[in-house]
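# Structural overview
So you can see what is in the structure, the chains are spelled out below.
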Amino acid sequence: MGILARGASRTVFVAAVALVMVLILVAAYLATRPSPGEAPEESPAPTTPAETTTPAQTSPAAEASPTPAKEEKTIVIYASLSEMTTADPSTEFSNSIIWMPLVYEPLVWYDPLEDRLIPGLAVEWESSDNGTVWTFRLRENAKFHDGTPVTAEAVKMSIERTIALGQGAAFIWDPVDRIEVLDDYTVRFYLKYPAPLAHIAAASYGAWIFSPNIVKYAGASNLTDPKVADWFNQGNEAGSGPYRLVKWDPENEVVLEKWEEWWGWREPGYEMASPNAPDVFIIKIVKDAVTQERLLLTGDIDIAQYVPLENVDRFEKDPGFVVAVKPSFQNLLMLINTKKPPLDNPLVRKAIALAIPYEDIVEVARAGVARVASGPIPHGMWGHFEDFTYEYNLEEARKLLAQAGYPDGIDRTLLLVYTAGDIYEKRTAELIKTSLAKIGIQVEVRPMSWEEQWSLALSGWDNPEAAQDLFIFYWWPTYITPFDFLYNMFHSENTLFNLAYYQNPEFDKLIEEAVLYEGYDRERALSLYYEAQKILYEDVPAVPLWDSVDVRVANARIGNLEKAINPAYPTTIFAQVLSVEG
Amino acid sequence: MASASSQVLWLIRRSKLSLVGLFIVAGFVVTGILAPFIVPYPEDARGETYNIEERFQPPSWEHPFGTDEYGRDVFSRVLMGARYSLIIAVGVVGLALLIGIPVGLVAGYVGGRVGSMLMRVTDMFLAFPPLLLAIALAATLGRGLFNTIIALSISWWPWYARLLYVRVTSVKNMPFVDSARLLGLGRLAIMFRHVLPNSLTPVTVQAALDMGSAILEAAGLSFLGVGVDPSTPEWGLLVTEGWASISSAWWISLFPGLAILVTVLGFNLLADALRESLDPRIRRIALTRRILG
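Everything numeric here is computed off the predicted structure, so don't read it as measured data.

## Some remarks on the overall build of chain A
For chain A, the count of helices and strands is 18 helices and 19 strands. Counting over 582 residues, chain A shows a buried share of 58%. By sequence separation, contacts in chain A at least 24 residues apart represent 71% of the contacts at least 6 residues apart.

So this is what it looks like as structure tokens:
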């Protein structure tokens, strides 16, 4: 009687599983209170430096430094929600941005909130001929980690490798016709058409400068040899920044160590350096916000990339922690399938835009930690205007719907897709569904993996009837320009991300013209971008929902947290400007 | 009928635990059927509303299980969840029986090449770990209540087929089957009127036992994000949703978790008792013990 044994053991098993589930819930709750001596379950192999580190810094992390420490080293651990991707500075276009700006330097940094360029490897730059010729003067005391000086030749080689590989963010250099080395420390770019090259050189991807010796180190034949990329991805780097990469374990942690010979440490008054920057900066992968919060409370990490947003105010009240809140240039939009009836009617789209409770969405989805969007360009960025917020007005929405010929609502259920696993998108979708039902529009909410979602949306260019109706979608820029948002999501030629299938030649012309003025006539560019956004506001190919606000929570011993965050380089914490008490 | 009620009585006498199981299952079934009419906040239960002011309220008289991130009453959603779990339990086991019984019956009775072919197919399905197979199927079919039921029953039916097959192969050689054949009854009539009713006991017990497991696995699928639609108040989904705010609002996940625990436990207690009552050997031992004192 096999059933007998199976039945009995199954009862025990099922009861045990259920009991364990409840215990986990209770444990998770209790564990958010600090309890010393508790081992975090997510910890990787016990030999990593992170494991032997306590926030009190009572024990020097000997493994983290190859040379014997003269005194106790300061260590800061930053929890990242995502795994690292690649380590090739030319092609990386994803999560590794969290550490690259600490190891590599660009010619110029950009502070988008003050709309101000900050010298990086270049000390001076100027443009001439209506923004088609750009000359950068390099600092003479910068060296790569291998000891070779940062010269104009190295700059030319780095950017040419990025362009030649043509992957990741290489498109930012599209305006460049050729690069000329004038002398050891002067480099000149000749462009095909006017472009704001200093801002492009401050991009978050594809703008890093690296040592020309990589070909030799990798044993490769030339710069574009795949061996060079392999060499990078084995955990090697060739940057000139304030930190060196000493451990590359992309799925668990990345360990960076202060490089004493960086020019910035000795440059008096340089704003991108702090005398009390941590000696060791560890990026540890912790994949959910609840766990990050717990580790922060127990002192196993120093900075959390995300804690559950509902709990942010608890940390704000706690003197043991600091909270930094900064605008982020990531925004959430709902793209509307403009080719599928009845959404091809602008009146219907406008009615939808008026039937979305923007304030409530920010409150429920983000616990208030976001701003209601005004147009597709996020708050704090140049090109953002305040008069593009839709009013939440059900009466008006019903009227528009009736005017469009649907007085009793739409007779089919609209399909709204979002990325599975993203609770902010999920909550947003849930509220949109609830609210649209009030004007007689039924919505089916469907979570999909990003790949599935994107391929369904791409198929809409050929067959809009079979594609989704509404698409919840994040965007963030590669370099800070309104063009990045407007071109990618709304230009008729961009079939990759224009997933509203919006085609409007008048709009296309406006932004194509605006981008040419960016380099030398910002006012002109701005007024063209305003016109373009006004068209979008009337046509409603998409409903901008909210502009994200970044919240980082850290242990109170971390000073300058706010200064270490720059929305132009999302997720990065600039460890070199942190001020850490030992 | 008389024997059925005497069995129930016997059950209750035999163990208090089975009575508890009976109560839980009865309560669950009644809640499942009546949920839409008895929940205190029907709109919250259906997910048709949200209330900014009422978000993250801890348990109180007004909201015995507290409120969730949308300000919806968790109690109402858990009650409504019983309905989905009931549909899933009955749907999965019913569909699995619908496939498993004919396969096992035909394979066992007809035997020969047809029988071994059917059983090899069954074995193929049995070769996969059931939950893994269900996850793969659910991911392929996409979300939804119906798809979840299909995915789970496809990973489930082979157990019933195999169980019935073993039983049928022994029953078909019993004298009463031979006599039926000698009387000139057709194959189908023998299969359905004589063989099947006499082979069904182990499958029935297993099916009762599996009701609980079906609820648990459906909750598991939803928890992993391949189960029912996101706005459905299914228990596994309710547990997942609360996870994001577990550190400040534990009640959102705890109560649906407890609901799963209690219901599954109820089904298992009941099925255990049922199995014992239907198993002549255990029953005989128990009777002997009682007589001997």
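## With respect to the overall build of chain B
Per the secondary structure count, chain B includes 14 helices and zero strands. Each helix and strand of chain B, ordered N terminal to C terminal, gives the series α-α-α-α-α-α-α-α-α-α-α-α-α-α. Taking the principal axes of its C-alpha atoms as reference, chain B extends roughly 75 × 55 × 30 Å. The burial tally for chain B puts 49% of its 293 residues in the buried class. Long-range pairs, those at least 24 residues apart, make up 71% of the contacts in chain B with a sequence separation of at least 6. As displayed, chain B offers around 13400 Å² of accessible surface, 70% of which is attributable to carbon and sulfur atoms. Treating the 23 positive side-chain charges of chain B as one cloud and the 19 negative ones as another, the clouds have centres 21 Å apart.

## A closer look at the packing of aromatic side chains
All names here are of chain A. Per the stated rule, a full pass over the model turns up 47 aromatic pairs over all chains. Summarising the aromatic geometry, the rings of Phe93 and Tyr205 are spaced 5.0 Å apart at their centres and angled 90 degrees between planes, so their arrangement reads as edge-to-face. One end of the pair, Phe93, is in the loop between strand 1 (75-80) and helix 3 (100-103); the other, Tyr205, is in the loop between helix 5 (197-201) and helix 6 (214-218), and 112 residues separate them in sequence. Judged by its relative accessible area of 36%, Phe93 falls in the partly exposed class. Ring geometry for Trp450 versus Phe471: centroids 6.3 Å apart, planes at 75 degrees, classification edge-to-face.

## Topic: helix 7 (residues 226-233) of chain A
All names here are of chain A. Those residues of helix 7 not exposed but buried are Val228, Trp231 and Phe232. Buried residues of helix 7, viewed axially, fall in a sector of 100 degrees; they line one side. Contact partners of the buried residues in helix 7: helix 4 (152-165) and helix 6. Where helix 7 ends, the next residue or the one after it, Gly235, has phi of about 105 degrees, a positive value.

## Focus: the nonpolar core
Among soluble globular proteins, nonpolar side chains are generally buried collectively. In this structure, A:Trp99, A:Phe136, A:Phe189 and A:Phe281 are the most contacted members of the largest nonpolar core, which totals 126 residues. By size, the runner-up hydrophobic cluster in this structure holds 67 residues, among which are A:Val307, A:Ala351, A:Tyr418 and A:Ile439.

## Structural notes on the pattern of salt bridges
Side-chain pairing between opposite charges can occur once the charged atoms of the two side chains come close. Residues and elements named next belong to chain A. Going through the model one piece at a time under the given rule, you end up with 35 salt bridges over all chains. Between Lys73 and Glu257 there is a salt bridge, and its shortest N-O distance comes to 3.6 Å. Taken together, the residues Lys73 in the loop between helix 2 (49-52) and strand 1 and Glu257 in strand 9 (residues 253-258) connect sequence positions 184 residues apart. On the accessibility criterion, Glu257 (5% relative accessible area) is buried. With its nearest N and O atoms 3.9 Å apart, the salt bridge here joins Glu396 to Lys399. With Glu396 and Lys399 both in helix 13 (residues 394-403), this residue pair falls three residues apart, about one helical turn. Residue Glu396 is classed as partly exposed on the basis of its relative accessible area, which comes to 31%.

## Structural notes on unusual backbone geometry
All names here are of chain A. For the bond from Pro341 to Pro342, the omega torsion is 0 degrees, close enough to zero to count as cis. Within the element layout of this structure, Pro342 appears in the loop between strand 12 (321-336) and helix 11 (346-354). Here Ala367, not a glycine, exhibits a phi torsion of approximately 50 degrees, which is positive. Structurally, Ala367 can be placed in the loop between helix 12 (358-366) and strand 13 (370-372).

## Overview of the environment of A:Ile285
Residue and element names in this part refer to chain A. Looking at where Ile285 falls in the secondary structure, it is placed in strand 10 (residues 280-285). In sequence terms Ile285 and Thr338 are 53 residues apart; their C-alpha atoms lie 40 Å from each other. Those residues in contact with Ile285, other than ones at most four positions away along the chain, are Ser80, Ser82, Glu83, Met84, Pro250, Glu251, Asn252 and Glu253.

## Description of the confidence of the model for chain B
Residue and element names in this part refer to chain B. With 90% of its residues at a pLDDT of 70 or more, chain B has an overall mean of 87. In the model of chain B, helix 1 (residues 2-14) stands out as the element of lowest mean pLDDT, 61, in contrast to helix 4 (residues 74-110), which has the highest, 94. Reported confidences for the modelled complex are a pTM of 0.81 and an ipTM of 0.79.

## Notes on the environment of B:Ser253
Residue and element names in this part refer to chain B. Along the chain, Ser253 turns up in helix 13 (residues 251-278). Under the relative-accessibility criterion, Ser253 is labelled buried at 0%. Separated by 17 residues in the primary sequence, Ser253 and Gly236 have C-alpha atoms spaced 9.1 Å apart. Engagement of the side chain of Ser253 in a polar contact is seen with the backbone nitrogen of Trp243, the distance being 3.3 Å.

## Some words on the sheet that holds strand 6 (residues 176-183) of chain A
Pairing between the strands of a sheet is mediated by backbone hydrogen bonds and can be parallel or antiparallel. Residue and element names in this part refer to chain A. Spatial ordering of the open sheet is given by 4-5-7-6, a layout of four strands whose pairing is antiparallel. Each having just a single partner strand, strand 4 (122-128) and strand 6 make up the two edges of the open sheet. Pairs of neighbouring strands in the sheet enclose a mean axial angle of 20 degrees, with direction left out of account. Bridge count between strand 4 and strand 5 (residues 133-138): six bridges; the pairing is antiparallel. Bridge pairing in strand 5 links Trp125 to Phe136. Across the sheet, helix 4 lies against strand 5, strand 6 and strand 7 (186-191), angled at about 165 degrees from strand 6, the strand it touches most.

## Here's the deal with a nonpolar patch on the surface
Residues B:Val30, B:Ile33, B:Leu34, B:Phe37 and B:Ile38 make up a contiguous nonpolar surface patch of roughly 500 Å² in combined accessible area. Within the fold, B:Phe37 resides in helix 2 (residues 16-38).

The rules we used
Residues numbered from 1 in each chain as written. Chains lettered and ligands numbered in written order. Predicted model: local features only at pLDDT ≥ 70, side-chain atom pairs only at ≥ 80, totals over all residues. Heavy atoms only, no water. Helix = DSSP H or I, 4+ residues; strand = E, 2+ residues; numbered from the N terminus. Buried < 20%, exposed > 50% of the residue type's maximum accessible area, 1.4 Å probe, protein only. Contact = heavy atoms within 4.5 Å. Areas by Shrake-Rupley, 256 points an atom, 1.4 Å probe, with all protein chains shown as cover. Lys, Arg positive; Asp, Glu negative; His and termini not counted. Charge placed at Lys NZ, Arg CZ, Asp CG, Glu CD. Phe/Tyr/Trp six-rings, centres within 6.5 Å; stacked < 30°, edge-to-face > 60°. Arc of directions from axis to C-beta. Core = buried A, V, L, I, M, F, W, Y, C linked by side-chain atoms within 4.5 Å. Salt bridge = Lys/Arg side-chain N within 4 Å of Asp/Glu carboxyl O. pLDDT = per-residue confidence, 0-100. Polar contact = N/O pair within 3.5 Å; in protein donor to acceptor, adjacent residues only side chain to side chain. Pairing = 2+ DSSP bridges. Axes fitted to C-alpha atoms, helices over the stretch in contact; angles between N-to-C directions. Patch = residues over 30% accessible without salt bridge, like charges linked within 9 Å, V, L, I, M, F, W, Y side chains within 5 Å.

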